[in-house]
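What follows is each chain in one-letter form.
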Amino acid sequence: MHIIENGNVAAALGVKLCRAAVIAAYPITPQTPVTERLSEYVEAGEMKAEYIHVESEHSALAVCIAASSTGARTFTATSSNGLLYMHEQVQWAAGARLPIVMCVVNRAISAPWNVWNDQQDSISQRDTGWIQMYCADHQQIIDSVIKAYWLAEKVSIPIMVCYDGYILSHTYMPFDVPDQELVDTFLPPFQPDYALNPEEPANLNTVTLPDVRMDVNGKLAHGYMEIRYLLHEDLRKTPAVAADAEKRFAEIFGRGGDPYLEPYRCDDADYVAVGLGSITYQLRVSVDVLRKEGINVGVMGVRFYRPFPDTAIAKALKGKKGVIVFEKALSYGYEGALVSDLKSALYEHLAGTGHLPLVQNFIAGIGGREIRTDDLTQNFRAAIHSRIAKEPVWIGLKL
Amino acid sequence: MGTRNYRRKTSHSEHGPGDGGRTGSWRVERPVIDQSLCIPCKRNKEACFICWLFCPDVVISRTIPPKIDLEYCKGCGICAEECPTKAITMVDEAKFSDEEKDKE
Amino acid sequence: MQAKTTILSLPTEEFVHPGTRACTGCGLAIAYRIGLKALGKDTMLIVPPSCLTVLQGLFPVASTKLPCLNVTFASTAAAATGILATLKTQGNQHTTVAAWAGDGGTSDIGLQALSGAAERGDNFIYFCYDNEGYMNTGVQRSGTTPIGAITANTPFKGKLQQKKDVPAIMAAHNLSYVAACSAAYPLDLHDKIIKCKDMPGTKYFHIHVPCPPGWGYDPRYGIKIGRLAVETGYYDLYEIVNGEFKLTAASEKLVEKRKLVPVREYFRAQSRFKILTDELITDIQNQIDEKWAGYYKQDE
């Protein structure tokens, strides 16, 4: 069924179709409409779920962690400082291997206060062990939520589905809402390996020791290091499972493609722009403009940011003359987040092969500063003609 | 469709005694029960059991006579202090021979 | 009218194994052990970082025979809410959800989540075991540390502020049941748990638990000191049922007796109070006398 709605509604519909059983969220701009819409579904009886009006984001994820440990499919959503407030729990959920799905409606972080879009909030969580997916339009939002539940429950790792605040959350686009039957076929009920219960008691997430130790059955159990390593190992295996998810999704819903990347006119491009989220669609306009000027360019969206699809990215960019990374977040005092990961992947796979592209980094849209497509095009063009600077260049700065 | 074996990938503990090891090695004195003063022993029926009630470590059995699990008894002395007939005294561990201790 | 449990009628099933890492003579261990007897097998526990975390065991050995979820320090009550939510979706209305947190994890860092859960009326029992300090991390002061107590971070002047009255804060949430108990009176604790199990919303228990290393006494006197706290009228055993306050057990008997042990004896028994001045002790004694004058008057 095709509808025209905003990105937040797309997310809420995805959660509804996935039959999330426990929802706990705390209001924060621009996430609020997601949870408001979900509360409407629950109160109207359209969704059979427990909706918890928590008193903070830290508690929101705490409720999800406890509910998921006891065997329920859970959901929460947040932005910006809300995500920062729950950071302790974000780390916890990954370490506890719980398949929680959380929508992050990307918003700038504080200080100082800012309610508009950039991606610093979710980017700041990139090392926590959560899987991160970035959406460029509303279809991707609803589809990613559905894929996320399947993937999370398969690998037992929580997932953040991220989309740009206001630019996607509050704007209207047409998209397809899949049939409930199809979603039920794609996503069966949650069956955890273990759910806390009195019949089979266990003590979950207690203190672990630096070294391995005998359990009550006389077998050697993992130490903390092993438990953490297994999270890392399972994340390294996740891209293959994500490809399965994409394939399965395409079979059932009839749409899908590359699980990790969204290329546009990249095949014969000499220079490729790379980004996360809606900025990549804006860059398509720049690509078309520059193509008309005779420059072979393309743009590639990174759909799957964590675990970083280094192999796929290196393969896609191999032999390109230049890669220009436009992003809305950075590691302060150094450079953009995506560009760092990308350079590392390119170096890892292509150093010494003669196919290593030059890389240029642009920072844009911080705190919701308007990104003018003309500015993108100009800077893209300038980067192609001469590598502008080794340092990241901030577009639209008005010092 | 479920996740396989992820409980071994998390901190998932099953229950059993002695998490703290042989906590009996902590004590410097041990409780000794004089059955001639112990109320359930004298009456030969269920009575008192205050020592059983207050033991923090579940090492006193609710039996006639109450038995102390010296493998885990930490020697806190609460049982001795609370016994209404002073049937329990705390005795220096050193007074017990190595042989006796090995037998436990 | 529920019959009073005696030592001989107390359920014999144990839910804790011996050989835990709890300190010699730990007051919490007594309260926890008897509390679990009242809660029974069909229970799920939530525990934040605290002495109980250690008592419950380090991975991969658990000393408690019940299912338990360890959670972050500030989120105990929120986790209880989460477990309940799942049980509801599973159609399970019989399993008891019980959170056990220390005084720091309740009155300080955990207060927000607890207040939130209480306001939502989430149906679980919350136990605050109050050893009057952050004992697990080495005896630092908490909101419920009594005035004048020496702790590792109030080393010379002692705590300068009064003990936070957490049961009163919880009572202000219009709960169906609030109780003040003590490890020295385990049967009173047991019966209160049985009594409130079927009451709606969040039930709050505040349990005074003596702590040998934290309070400074020979472990064998743990129960005596717990009793002294009550017999001096310093710490009261009571319940608030739907807003109605009532003293219970030994505290109730004190109203009839009309004779309190001087609080000086309670302070003298613990080295953490060694810097209490005569002036402060007199102040505290006066406060206690005033409080009990109120109790006596209500009784008339």
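Our structure's up above, just so we're on the same page.
In short, a report on the structure.

Definitions and cut-offs
Residues numbered from 1 in each chain as written. Chains lettered and ligands numbered in written order. Predicted model: local features only at pLDDT ≥ 70, side-chain atom pairs only at ≥ 80, totals over all residues. Heavy atoms only, no water. Helix = DSSP H or I, 4+ residues; strand = E, 2+ residues; numbered from the N terminus. Buried < 20%, exposed > 50% of the residue type's maximum accessible area, 1.4 Å probe, protein only. Areas by Shrake-Rupley, 256 points an atom, 1.4 Å probe, with all protein chains shown as cover. Lys, Arg positive; Asp, Glu negative; His and termini not counted. Charge placed at Lys NZ, Arg CZ, Asp CG, Glu CD. Contact = heavy atoms within 4.5 Å. Salt bridge = Lys/Arg side-chain N within 4 Å of Asp/Glu carboxyl O. Polar contact = N/O pair within 3.5 Å; in protein donor to acceptor, adjacent residues only side chain to side chain. Patch = residues over 30% accessible without salt bridge, like charges linked within 9 Å, V, L, I, M, F, W, Y side chains within 5 Å. Nonpolar A, V, L, I, M, F, W, Y, C, P; charged D, E, K, R; others polar. Pairing = 2+ DSSP bridges. Disulfide = S-S within 2.5 Å. 1 Å grid on protein atoms, 1.4 Å probe; cavity = no way out; pocket = protein on both sides within 12 Å on 5 of 7 lines; lining within 4 Å. Points joined across faces, edges and corners; volume = space filled by probe spheres on them. Axes fitted to C-alpha atoms, helices over the stretch in contact; angles between N-to-C directions. Parallel < 35°, antiparallel > 145°, perpendicular 65-115°, else oblique. Left-handed = near helix turned anticlockwise from the far one by under 90°. Core = buried A, V, L, I, M, F, W, Y, C linked by side-chain atoms within 4.5 Å. Phe/Tyr/Trp six-rings, centres within 6.5 Å; stacked < 30°, edge-to-face > 60°. Lys NZ or Arg CZ within 6 Å of the ring centre and 35° of its normal.

## So, the overall build of chain A
Reasoning step 1: On a plain count of helices and strands, chain A comes out with 13 helices and 18 strands.
Reasoning step 2: Taken over the C-alpha atoms alone, chain A extends approximately 70 × 50 × 45 Å along its principal axes.
Reasoning step 3: The 399 residues of chain A split such that 61% are buried.
Reasoning step 4: Roughly 15,600 Å² of accessible area belongs to chain A as shown, and the carbon and sulfur atoms make up 53% of that amount.
Reasoning step 5: In chain A, which carries 36 positive and 47 negative side-chain charges, the distance between the mean positions of the two groups comes to 6 Å.

## Observations regarding the interface of chain B and chain A
Reasoning step 1: The interface of chain B with chain A comprises 17 residues on the first partner and 29 residues on the second.
Reasoning step 2: Where chain B meets chain A, there are four salt bridges.
Reasoning step 3: The residue Asp 193 of chain A makes a salt bridge to Arg 7 of chain B at a minimum N-O spacing of 3.6 Å.
Reasoning step 4: On inspection of chain B and its partner chain A, the count reaches nine residue pairs in polar contact (both at pLDDT 80 or more).

## Focus on the side chain of Glu 5 of chain A
Reasoning step 1: Take Glu 5 of chain A: it is sitting in strand β1 (residues 2-6).
Reasoning step 2: A relative accessible area of 17% places Glu 5 of chain A in the buried class.

## Overview of the pattern of salt bridges
Reasoning step 1: The full count for this structure, using the stated rule, is 51 salt bridges over all chains.
Reasoning step 2: A salt bridge links Asp 341 of chain A to Arg 306 of chain A; the shortest N-O distance between them is 3.1 Å. Highlighted residues: Asp 341 of chain A in helix α12 (residues 337-350) and Arg 306 of chain A in strand β15 (residues 304-306), separated in sequence by 35 residues.
Reasoning step 3: Bridged by salt links that share partners, the residues Asp 130, Glu 132, Lys 163 and Arg 272 of chain C form one connected network.

## Describing a nonpolar patch on the surface
Residue and element names in this part refer to chain A.
Reasoning step 1: A cluster of nonpolar side chains, namely Tyr 332, Trp 394, Leu 397 and Leu 399, defines an oily patch on the protein surface of about 530 Å² accessible area.
Reasoning step 2: Within the fold, Leu 399 resides in the segment after β18 (393-394).
Reasoning step 3: Take Leu 399: its relative accessible area is 96%, and that puts it in the exposed class.

## Concerning the side chain of Ser 340 of chain A
Residue and element names in this part refer to chain A.
Reasoning step 1: With respect to the helices, strands and loops of the structure, Ser 340 is situated in helix α12.
Reasoning step 2: At 2.6 Å, the side chain of Ser 340 and the side chain of Glu 335 are in polar contact.
Reasoning step 3: Leaving out residues up to four positions away in the same chain, Ser 340 has contacts with Tyr 334 and Glu 335.

## What to know about the interface of chain C and chain B
Reasoning step 1: Chain C puts 43 residues into the contact, and the matching count from chain B is 38 residues.
Reasoning step 2: Of the charged contacts, one joins Glu 81 of chain B and Lys 224 of chain C as a salt bridge, the two residues approaching to 2.6 Å between their closest N and O atoms.
Reasoning step 3: In this assembly, chain C and chain B are joined by 19 residue pairs in polar contact (both at pLDDT 80 or more).
Reasoning step 4: Only α1 (27-39), β2 (61-62), α7 (186-196) and α9 (222-231) of chain C provide two or more residues apiece to the side of chain C that touches chain B.
Reasoning step 5: Element by element, the count of residues in the side of chain C that touches chain B is highest for α1 of chain C, at five residues.
Reasoning step 6: Looking at the side of chain C that touches chain B residue by residue, the class counts come to 25 nonpolar, nine polar and nine charged.
Reasoning step 7: Relative to β2 of chain C, strand β1 (residues 12-15) of chain B runs parallel, the two being bridged by two bridges. When the sheet's bridge partners are listed, Glu 14 of chain B is paired in β2 of chain C with Val 61 of chain C.

## Focus: the environment of Asp 122 of chain C
All names here are of chain C.
Reasoning step 1: Position of Asp 122 relative to the elements: it lies in the loop between α5 (111-120) and β5 (125-130).
Reasoning step 2: Given the relative accessible area of 12%, Asp 122 is considered buried.
Reasoning step 3: Between the alpha carbons of Asp 122 and Thr 81 there is a distance of 6.1 Å; along the sequence they are 41 residues apart.
Reasoning step 4: When neighbours within four sequence positions are excluded, Asp 122 is seen to be in contact with Thr 81, Leu 84, Ala 117, Gly 201 and Thr 202.

## Some remarks on the state of the cysteines
Reasoning step 1: Scanning the entire structure with this criterion turns up zero disulfides over all chains.
Reasoning step 2: We note that Cys 51 of chain C lacks a disulfide partner, and the nearest cysteine sulfur, in Cys 211 of chain C, lies 6.3 Å from it.

## A few points about the layout of surface pockets
Unoccupied space between atoms shows up once a probe the size of one water molecule is rolled over them.
Reasoning step 1: In this model, the largest pocket occupies a volume close to 760 Å³.
Reasoning step 2: Residue lining of the largest pocket: 25 residues in total, with Lys 4, Leu 187, Asp 188, Asp 191 and Ala 249 of chain C positioned closest to the centre.
Reasoning step 3: Within the residue set of the lining of the largest pocket, elements represented by two or more residues are α2 (50-54) of chain B together with α7 and α10 (249-257) of chain C.
Reasoning step 4: Considering each element in turn, the lining of the largest pocket owes the most residues, six residues, to α7 of chain C.
Reasoning step 5: Looking at the lining of the largest pocket residue by residue, the class counts come to twelve nonpolar, three polar and ten charged.
Reasoning step 6: For the lining of the second largest pocket, the secondary structure elements donating two or more residues are α6 (166-171), β8 (238-241) and α12 (278-299) of chain C.
Reasoning step 7: Ranked by residue count, the leading element in the lining of the second largest pocket is α12 of chain C, at seven residues.
Reasoning step 8: Grouping the amino acids of the lining of the second largest pocket by side-chain chemistry returns 15 nonpolar, three polar and seven charged.

## Let's talk about the sheet that holds β18 of chain A
Residues and elements named next belong to chain A.
Reasoning step 1: Strand order in the open sheet formed by six strands is β12-β14-β13-β16-β17-β18, and the pairing between neighbours is mixed. Each of the sheet's edge strands pairs with one partner strand only, and the pair in question is β12 (261-264) and β18.
Reasoning step 2: In this structure, strand β17 (residues 358-363) lies alongside β18, joined through two bridges in parallel fashion. The residue of β18 that forms the bridge with Ile 363 is Trp 394.
Reasoning step 3: Together, β12, β13 (271-275), β14 (297-302) and β16 (322-327) form the strand contacts of helix α11 (residues 310-317), whose direction differs from that of β14 by roughly 175°.
Reasoning step 4: Relative to the sheet, helix α13 (residues 373-385) contacts β13, β14, β16 and β17, its axis offset from that of β16 by approximately 150°.

## Some points on the packing of helix α3 (residues 57-69) of chain A against helix α5 (residues 87-95) of chain A
All names here are of chain A.
Reasoning step 1: Across the interface, α3 lies against α5 with an axial gap of 8 Å and an inter-helix angle of 20°. Taken together, the axes of α3 and α5 are roughly parallel relative to one another. Read as a crossing pair, α3 and α5 show a hand that is left-handed. Here His 58, Leu 61, Ala 62 and Ile 65 of α3 lie close against α5, whose contacting residues are Glu 88, Gln 89, Val 90, Trp 92 and Ala 93.
Reasoning step 2: Among the residues making up the contact of α3 with α5, the classes are represented as six nonpolar, two polar and one charged.

## A short note on the nonpolar core
Reasoning step 1: Leu 38, Phe 75, Val 274 and Leu 342 of chain A together with Tyr 266 of chain C are the most contacted members of the largest nonpolar core, which totals 185 residues.
Reasoning step 2: Excluding residues that lie within four positions of it along the chain, Phe 75 of chain A makes contacts with Val 15, Ala 20, Val 22, Ile 23, Ala 24, Val 34, Leu 38, Cys 64, Val 101, Met 102, Cys 103 and Tyr 149 of chain A.
Reasoning step 3: Ranked by size, the runner-up nonpolar core spans 34 residues in total, among them Trp 100, Tyr 129, Ala 179 and Cys 196 of chain C.

## Things to note about the environment of Glu 327 of chain A
Residues and elements named next belong to chain A.
Reasoning step 1: In this fold, Glu 327 is placed in strand β16.
Reasoning step 2: Sequence separation between Glu 327 and Tyr 41 is 286 residues, and the spatial gap between their C-alpha atoms is 35 Å.
Reasoning step 3: Ignoring any residue separated from it by four or fewer positions in sequence, one finds Glu 327 in contact with Gly 336, Ala 337, Leu 338, Val 339, Asn 361, Phe 362, Ile 363 and Ala 364.
Reasoning step 4: A polar atom in the side chain of Glu 327 sits 2.7 Å from the backbone nitrogen of Leu 338.

## Notes on the packing of aromatic side chains
Think of a pair of aromatic rings as described by two things: how far the centres are apart, and how the planes are tilted against each other in angle.
Reasoning step 1: This structure, assessed with the given rule, holds 24 aromatic pairs over all chains.
Reasoning step 2: The interplanar angle of 45° and the centroid separation of 5.7 Å between the aromatic rings of Tyr 177 of chain C and Phe 205 of chain C together place this pair among those described as tilted. With Tyr 177 of chain C in strand β6 (residues 177-182) and Phe 205 of chain C in strand β7 (residues 203-208), this pair connects stretches of sequence that are 28 residues apart.
Reasoning step 3: Members of the aromatic cluster, joined through ring pairs, are Tyr 32, Trp 100, Phe 127, Tyr 177 and Phe 205 of chain C.
Reasoning step 4: Here the basic side chain of Lys 16 of chain A rests over the ring of Tyr 41 of chain A, its NZ or CZ set 4.5 Å away from the ring centre.
Reasoning step 5: Taking the ring centre of Tyr 305 of chain A as reference, the NZ or CZ of Arg 306 of chain A above it sits at 4.6 Å.

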